[in-house]
Amino acid sequence: MNTYLILDLTIHDFDRFREYISKIPAFIEKHSGRYVVRGEQPTVIEGDWRPERVVVIEFPSREQANGFLQDSEAQALFSLRHQTTTSKLVLVDGCL
């Protein structure tokens, strides 16, 4: 079953965030992930959720998504994202 990481982020320091943008795709690919939505500005249809940018990454399984999230070599990049953005991240399984 496919699993999706959904990231809602507001970038505060784009100059520093560029490093994350340039390096994180290799880690996504390493864990068999792929971008479904890549930093797009959403159109709010209902409710009070107002994300500035949304990223959706698809993985073939929850195990591969967790492997990405726990990858020791990617932790410095995750820290960089935390320093340069305000972000919310959820993991959700797709339908069978």
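Whatever comes next refers back to the structure up there.
The sections below set out a description of the structure shown in this document.

Reading the values: the criteria
Residues numbered from 1 in each chain as written. Predicted model: local features only at pLDDT ≥ 70, side-chain atom pairs only at ≥ 80, totals over all residues. Heavy atoms only, no water. Phe/Tyr/Trp six-rings, centres within 6.5 Å; stacked < 30°, edge-to-face > 60°. Helix = DSSP H or I, 4+ residues; strand = E, 2+ residues; numbered from the N terminus. Buried < 20%, exposed > 50% of the residue type's maximum accessible area, 1.4 Å probe, protein only. Contact = heavy atoms within 4.5 Å. Core = buried A, V, L, I, M, F, W, Y, C linked by side-chain atoms within 4.5 Å.

A word on the packing of aromatic side chains. We describe a pair of aromatic rings using the distance from one ring centre to the other and the angle between the two ring planes. What the rule picks out here adds up to 3 aromatic pairs. Look at Phe 68 and Phe 78: their rings are 5.3 Å apart centre to centre, the planes differ by 85°, and that puts the pair in the edge-to-face class. Here Phe 68, found in helix H2 (residues 62–70), pairs with Phe 78, found in helix H3 (residues 75–84); they are 10 residues apart in sequence, far enough to count as distant. When sorted by exposure, Phe 68 lands in the same class as Phe 78, which is buried. A network of ring pairs unites the aromatic residues Phe 59, Phe 68 and Phe 78 as a single cluster.

In this section: the environment of Arg 38. With respect to the helices, strands and loops of the structure, Arg 38 is situated in strand E2 (residues 34–40). Note: C-alpha distance between Arg 38 and Val 54 (16 residues apart in sequence) is 6.9 Å. Not counting chain neighbours up to four residues away, the residues in contact with Arg 38 comprise Pro 25, Val 54 and Val 55.

As a further point, take the nonpolar core. Where a protein is soluble and globular, its nonpolar side chains tend to be buried together. Judged by nonpolar contacts, the single largest core of 18 residues is most densely connected at Tyr 20, Ile 24 and Phe 68. Looking at this core, the elements that each hand over two or more residues are strand E1 (3–11), helix H1 (14–30), strand E3 (53–59), H2 and H3. It is H1 that contributes the most residues to this core, 5 residues altogether. When residues no more than four places from it in sequence are discounted, the contact partners of Tyr 20 are Pro 25, Leu 77, Phe 78, Leu 80 and Arg 81.

Don't take any of this as a statement about function, it's just geometry.
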